[in-house]
Structures are given as structure tokens and as C-alpha cells.
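# Structural characterization, general
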Amino acid sequence: MDVYHRPVRTARRDPLHDSTHESTIHTRVRYDAPALPRHQPMYLTLLGALFAGLGLAMAWYGLRPLAVLPRLLRAEVRRPEAVTDADDGEFVAVRGTARAAGETVSAPFTGSDCLGFEFEVTERQPFAVGIPWLDARLDDGVATRSFALEGPDGSNGRLAVRPSPRRFALDTASTVVGVGAKETLPDRIRQFVDAREGLGPVAGWIAAIPFFGARRYVERRIDPGETYLVAGRVEREEGGSLGLTGDLMITDRSVRGLALSRLWRATFPLLAAAVFVAVGLWAIAA
């Protein structure tokens, strides 16, 4: 039996022309990962928040004394007898001569009999040179007494003034006693220092540095017989008597002089506050 084998025809494929040929071209494709947000270091954020916080604190320090100025500039300065028609709680500004309404108090550094005083003790330390308001404050305090304001001739009645010891501050001329780090204290100041806690001698390392360690004993007073401008809210007591009480502004300057003085004192802390806040915001946003 003959076996016939059918020839198998194989297609010869031209790899260059045959469309059935599949060539694989290996190419290197670069896939760029999506951009991820860049996270700043945590310490930079914390540092920025610290600077911003310090700036806001300085701004509060500078702006707080200015809060009363808009009301004061709008108010009419009256004589004591012209306040009788004021409403209870009304903000008024009164100019008159200070008179004792009871006991007086002795000022700490000069010994003067006065109707109230404010004092502070500062020390010149290396970090605060050239910046008086940043001198290290070692001690401060107040003493208040009720007193009265009377008109020019004293016959037009009196207005009672009762400052609050918690919010007592004077915009009056300061008496300053300066004592060098190696100088002997005057007797009265020495007695004051011995009676107060925390007012020890100047630290040795500060006294050894030239121009440092000097202390300033600052005293501001309300002296009987002197003219003052007192601004605050009227309070009517039982029986109908009027008085100025609470958080009062007491000065021996004019309204304009007081406004300029407070604006000048606020200049440096506000500028420093602006710098600190700007640096803090930049660090947070960086």
C-alpha cells in the first residue's frame, strides 16, 4: 500500500515586508511621578508661630495705652463744677487742682507727701542697652488715695476722685534717682530696698561690665496743690454725689501733649511688633 505524503507548504515570511511579522521594539519610557506638596520642617512652623505670638504681644503692649485717646480727643475738658449734669457712666475729662480728701501717703524715693504715687525700679542689663522701655524691671507698685479736684478759685465745689489700685497709672512728670552699679545707695532708697523682697545687690557679673548694672528708681506722684487732668467715667453714689472712679487717666499734661507722649512711647513696640509678625508669617508660609 502506497502511502502518499502530502507536502506541507510553509510560508516563508519576510521579516522586512511581511505584515504578519511582529517586531518588538524595546523602549524606555520615563514616567514622572505626580508632584507632591512640599512639607516644611515642623520647627520652622513652630518658630514662625512663636515670632508671630511675640509680635502680637508687643502690639498689645503698644496699643493698650492708646485705647483712651479717641474718647479723650473727642471729650470737652470741663471744670469740676461743670460735671454736675453728667450722666452716670458718662466719660468726662476734668481739669482742676488736686486737694487732699483725707490722709496722704509718703512717696517711696523722695519722701514727699502726696495723694498717690507709682514707682518702678529698673536695671540696665546687656540685652537692653539703648532701649529704655526694655530695661529689666525689677520692681514696681502703686499707692492710691481718694482726693478731690476743685476749680481755680476753690469756691465752685469739688469733684471726688477715687482711682482704682488695680488699674492705676500716672502720666505725670517722673522723678528719677539713678544709682550706678558700684555706687552707695541714698539712705531712703537703701531703706526701701531693704524692705522689699527680690531687690538684692546688682549681680557681680553685670557690675563687672562697664556701663551696666546701673539702676533707675522712678517715681511719679499726684502732689497736692498741683493742676491735673483726670479722665474717666462718672459714678453717681447714693445721695446724688458724683465722682470719678475706677480706671482713670491722670496727667499733668494737656490733651494734645498726652496724646503725643503716648504715641511716641508706642512707636518702638509697634514697629518691633510689625517686624516680629512679618517674620513669623514668612516662616509659617515658607
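Refer to the structure above for everything that follows.
Here's what I pulled together on the structure shown here. The model shown is predicted, which means the values in this text are computed figures rather than measured ones.

### Some points on the overall build of the protein
Across its full length, the protein holds five helices and 13 strands. Out of the 286 residues in the protein, the part that is buried amounts to 34%. In the protein, 69% of the contacts between residues at least 6 apart in sequence involve partners at least 24 apart. When the accessible area of the protein is evaluated, it comes to approximately 18800 Å², of which 56% is carbon and sulfur surface.

### Concerning helix α5 (residues 255-285)
The end-to-end C-alpha distance of α5 is 43 Å, a good match for the 45 Å that 31 residues give at a rise of 1.5 Å each. At Thr 267, α5 shows its largest kink, close to 35°, and the proline Pro 269 lies no more than four residues downstream. Here α5 has its buried residues at Val 255, Leu 258, Ala 259, Ser 261, Arg 262, Ala 266, Pro 269, Ala 272, Ala 273, Gly 280 and Ala 283.

### As for the packing of helix α1 (residues 42-63) against α5
In contact at an axis separation of 7 Å, α1 and α5 are set at 160° when each is read in the N-to-C sense. The pairing of α1 with α5 is recorded here as roughly antiparallel in orientation. When the axes of α1 and α5 are compared, the crossing they make is left-handed. Along the lines of polarity and charge, the residues of the contact of α1 with α5 split into 20 nonpolar, five polar and no charged.

### Remarks on the side chain of Glu 118
Here Glu 118 is to be found in strand β5 (residues 116-123). Here Glu 118 falls in the buried class, since its relative accessible area comes to 15%. Here Leu 170 takes part through its backbone nitrogen, which lies 3.2 Å from a polar atom of the side chain of Glu 118.

### Some words on the pattern of salt bridges
Scanning all chains against the criterion turns up 16 salt bridges. Linking Arg 137 and Glu 120 is a salt bridge whose minimum nitrogen-to-oxygen distance equals 2.7 Å. Taken together, the positions of Arg 137 in strand β6 (residues 136-144) and Glu 120 in strand β5 put the pair 17 residues apart, joining distant regions of the chain. Residue classification places Arg 137 among the exposed residues on the basis of a relative accessible area of 53%. Classification of Glu 120 by relative accessible area gives buried; the value is 13%.

### Thoughts on the packing of aromatic side chains
Taken as a whole and judged by the stated rule, the model has six aromatic pairs. Centre to centre, the rings of Phe 109 and Phe 119 are 5.9 Å apart; their planes meet at 80°, and the pair counts as edge-to-face. Highlighted residues: Phe 109 in the loop between β3 (105-106) and β4 (113-114) and Phe 119 in strand β5, separated in sequence by 10 residues. Of the two residues, Phe 109 and Phe 119, both sit in the buried class.

### A word on the nonpolar core
Residues Phe 147, Ile 222, Leu 244 and Ile 250 are the most contacted members of the largest nonpolar core, which totals 20 residues. Looking at this core, the elements with two or more residues in it are β2 (91-100), β7 (147-150), β8 (158-163), β12 (227-236) and β13 (242-251). When residues in this core are grouped by element, the largest group, four residues, is from β13. Once residues lying within four places of it in the same chain are set aside, the contact partners of Leu 244 are Val 92, Val 94, Leu 159, Ala 160, Val 161, Arg 162, Val 230, Gly 232, Arg 233 and Val 234. Counting residues in hydrophobic clusters, the runner-up holds 14 residues, among them Ala 107, Phe 117, Ile 189 and Leu 199.

### Observations regarding the pairing of β2
Every regular strand shows the same layout, with side chains that alternate between the two sheet faces. The buried fraction of β2 amounts to seven of the 10 residues, a majority that puts the element mostly inside the structure. Relative to β2, strand β1 (residues 77-78) runs parallel, the two sharing two bridges. By the bridge assignment, Val 77 is partnered in β2 with Ala 93. Alignment of β2 against β12, held across seven bridges, turns out to be antiparallel. Bridging from a neighbouring strand, Gly 96 pairs with Tyr 228 of β12. Examined bridge by bridge, β2 and β7 share four bridges and lie antiparallel to one another. Opposite Ala 98, over in β7, you have Leu 149 as the bridge partner.

Analysis parameters
Residues numbered from 1 in each chain as written. Predicted model: local features only at pLDDT ≥ 70, side-chain atom pairs only at ≥ 80, totals over all residues. Heavy atoms only, no water. Helix = DSSP H or I, 4+ residues; strand = E, 2+ residues; numbered from the N terminus. Buried < 20%, exposed > 50% of the residue type's maximum accessible area, 1.4 Å probe, protein only. Contact = heavy atoms within 4.5 Å. Areas by Shrake-Rupley, 256 points an atom, 1.4 Å probe, with all protein chains shown as cover. Expected span 1.5 Å × (residues − 1). Bend = angle between axes of the 7 residues up to and from the residue. Axes fitted to C-alpha atoms, helices over the stretch in contact; angles between N-to-C directions. Parallel < 35°, antiparallel > 145°, perpendicular 65-115°, else oblique. Left-handed = near helix turned anticlockwise from the far one by under 90°. Nonpolar A, V, L, I, M, F, W, Y, C, P; charged D, E, K, R; others polar. Polar contact = N/O pair within 3.5 Å; in protein donor to acceptor, adjacent residues only side chain to side chain. Salt bridge = Lys/Arg side-chain N within 4 Å of Asp/Glu carboxyl O. Phe/Tyr/Trp six-rings, centres within 6.5 Å; stacked < 30°, edge-to-face > 60°. Core = buried A, V, L, I, M, F, W, Y, C linked by side-chain atoms within 4.5 Å. Pairing = 2+ DSSP bridges.

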